[in-house]
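Architecture and fold: a report
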Amino acid sequence: MNTTKKSRLSTTLDRLPVGTDDLNDNLRVTGKLPDGVHIKEIFRDLIKIAWPSFVELILTQLTSMADLMMVGSIGGSAHPEMGTMALSAVGLTTQPKFLLMTAIIAMNTGVTAIVARHKGIGNKEEANLAVRQGILFTFLSTILLSVVGIIFSRPLVIFMGSKEETVTLWATQYLQIQLAGFLTMALTSTITASLRGVGDSRSSMIYNMIANVVNVIFNYLLIYGKFGFPEMGVAGASLATVIGQLVAFCIAVYIILKGNGFLKLELKKGFRFNKKTMSDLLNIGLPSMGEQLVMRIGMIIFSMTVASLGTVAFATHQVCMNIQALSFMTGQAFAVSATSLVGQSLGKKRPDMAQVYASKCQTLGMGVGVILAVIFIFFGSDIVGLYNSSPDVIKMGGNIMLFVAFVQPFQASQFILAGGLRGAGDTKTTALIIMLTSMILRPVLALILVKAGMGIFGAWIALVADQLLRSLLVFMRYKSGKWKLIKLKSDTAKA
C-alpha cells in the first residue's frame, strides 16, 4: 500500500478513538473541540479537501462560461442577434438535461455518504462494495435515460418555451449530442462521488482540469471551424463538451482501478446486486432523487416563466444564472468537505467532530461569500459584457447582478450545511426543504411578479426569496442536531 497516498487521505479524525454509540450523548453534543484537537487542524482538514474541489469546480464553471461566451459570439458584432439566439438555445437545454440527470445525482449522494461512513470506521471492503453498486446503478439507469432523452429532445425544447425554429433546431442538436455522451459523464460523476467520500478531491480535480482544457480547445475548433474542422456552431460546443467528458472518464477509470490507498475498483469481484448496500443507497438516494426532481420541476417552471419574456430577457437571464453558478463553486467546494468529514465522523461515532467540521466549514464559506458579493456589486456589468455585446443585455444583466451579490453569504451557508446533512444521510429533510422553496415558492412567486409587470426582475426577486427561506430552514435543521442520529444498515458491517 502506498504510504504517501494514505497520508494524503488522513485527517485529524483518524487519530481519535471510536466514539460512543449512546444516542442521548449524541444529542447533547455542543460543537466544542474535543480534547487534544486544535482549531488549526480542523481548518487544515477542511481546506485540504475543499481546495482541490474548488479548483475543479471553478475551472469547470469557467469552461461553461467560456462555452457560453464563444456561443454568444456567433455572428460577431455584425450580427449579435445570432449570438443571442445561440445563448437562448443552450439555455433551453439546461433544465431538461439536469432533469434527466436526477437519478444519477441522487444515487451519487448515497455513494458519497456510505463510502464516507466506511472510511471513518476503516472498512475498505464495504466502501468498495458501495462503489461497485453505485456504478452498476449508474450504468443501467443512464442507458435508459439517454435513449428516452434523445427521442424526446425536440419536444422537451419546445416545452421549455422555444418559439423560434432556428433556436429550436440548435437547442435540439445541442441536447441530443449531450445525451449521446451521457454515459461517460454519469459514470465519471459516480467515481468522483466515491473519491470524495474518502476525502480524495485531488484526483477528480486532475481529470476534470484536463477535460476542461480539451473542451475549450475543441470549442474553438468546432464552433468556428478552425484548422480544417467543420464549423458546427452550437452543436460544436456540445460535441466539444462530450469529448472533454470522455477524456475525464478514461482518466477516472484508470485512477479508480489503480486505487488511491483506500478505494480500488476490483473488476474480478463483479457488479452483482447486493441487497444491503443497494438498500442504503436507495434510502439516501430516493429522497435525494425526490429533492432533485422537485427542484428541476420548479426550475423548469421558473425558466419557462422567464422564457416567456422574450429572447433578450431569457438570454440575459441565462448569462446571469451562469455567473451565479460560478459563485456556487465556493459553497459546493466546502460542501464536499462537509459531506465527506461529517460522514466519516458519524461512521466513527464521533458526532462531536461532525458538528465541529460542519460549523467551521460554514464560517469559511460565508466569509468567501461576502468577498464575492463585493466583486459582483462593483464589476457585475463588466462580467455580463464578456458574454454578449448587446447594450440591452449588459444593462439588464448589470442590475440582476445586484441580486446575485445579495444572496452570496446565505447561498454559501446553505450549500455547506446541506452538504453536511447529506453526509449524515439526512436527505429526506433536504428534499422537503427543496420542495417548499424551489418547487412552490420560487416558481409561484415568479409567475405572480412577472404577471404583475415586474418582468425579469420579478423572477429574480422570487429567486432571492427561495435562497433566503432555504438557508433559514437548512440552518434550523442543522441546529436541531437530529441528523446525528441517522443510522444505515451497513453501519453494522464488521470493520
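Treat the numbers as computed from the prediction; the structure is a model and nothing was measured. (Residues numbered from 1 in each chain as written. Predicted model: local features only at pLDDT ≥ 70, side-chain atom pairs only at ≥ 80, totals over all residues. Heavy atoms only, no water.)

1. A few points about the overall build of the protein chain
Helix and strand counts for the protein chain come out as 17 helices and zero strands. For 495 residues, the compact-globule formula gives about 23 Å, and the C-alpha radius of gyration of the protein chain, at 22 Å, lands near that figure. Taken along its principal axes, the extent of the C-alpha atoms in the protein chain is 65 × 50 × 35 Å. Residues classed as buried in the protein chain amount to 58% of the 495 residues present. Within the protein chain, counting contacts between residues at least 6 apart in sequence, those at least 24 apart form 83% of the total. For the protein chain, the distance from the average site of its 44 positive side-chain charges to the average site of its 25 negative ones is 6 Å. (Helix = DSSP H or I, 4+ residues; strand = E, 2+ residues; numbered from the N terminus. Rg over C-alpha atoms; globule rule 2.2 N^0.38 Å. Buried < 20%, exposed > 50% of the residue type's maximum accessible area, 1.4 Å probe, protein only. Contact = heavy atoms within 4.5 Å. Lys, Arg positive; Asp, Glu negative; His and termini not counted. Charge placed at Lys NZ, Arg CZ, Asp CG, Glu CD.)

2. Brief notes about the packing of helix α12 (residues 275-307) against helix α13 (residues 311-347)
For the pair α12 and α13, interaxial distance at closest approach is 8 Å and the crossing angle is 135°. Regarding the angle of α12 to α13, the classification is oblique. Within the contact between the two elements, α12 uses M299, F302, S303, V306 and A307 and α13 uses A313, F314, H317 and M321. Among the residues making up the contact of α12 with α13, the classes are represented as seven nonpolar, two polar and no charged. (Axes fitted to C-alpha atoms, helices over the stretch in contact; angles between N-to-C directions. Parallel < 35°, antiparallel > 145°, perpendicular 65-115°, else oblique. Nonpolar A, V, L, I, M, F, W, Y, C, P; charged D, E, K, R; others polar.)

3. Digging into the pattern of salt bridges
Inspection of every chain in the model, using the stated rule, returns twelve salt bridges. Taking the shortest distance from any N to any O, the salt bridge between K276 and E126 comes out at 3.7 Å. Pair noted here: K276 is in helix α12 and E126 is in helix α6 (residues 124-151), with a separation of 150 residues, a long-range link. Judged by relative accessible area, which is 32%, K276 ranks as partly exposed. (Salt bridge = Lys/Arg side-chain N within 4 Å of Asp/Glu carboxyl O.)

4. A short note on the packing of aromatic side chains
Applying the stated criterion across every chain, the model contains four aromatic pairs. Summarising the aromatic geometry, the rings of Y220 and Y224 are spaced 6.2 Å apart at their centres and angled 70° between planes, so their arrangement reads as edge-to-face. Here Y224 and Y220 lie together in helix α10 (residues 202-224), a separation of four residues that amounts to about one turn. Using a relative accessible area of 25% as the deciding quantity, one classes Y224 as partly exposed. Both rings, one in Y478 and one in W483, keep their centres 5.6 Å apart while their planes meet at 15°; by these two values the pair is stacked. In this structure, Y478 and W483 share a single accessibility class: buried. The cationic tip of R442 hangs over the ring face of F302; the distance from NZ or CZ to the ring centre is 5.1 Å. (Phe/Tyr/Trp six-rings, centres within 6.5 Å; stacked < 30°, edge-to-face > 60°. Lys NZ or Arg CZ within 6 Å of the ring centre and 35° of its normal.)

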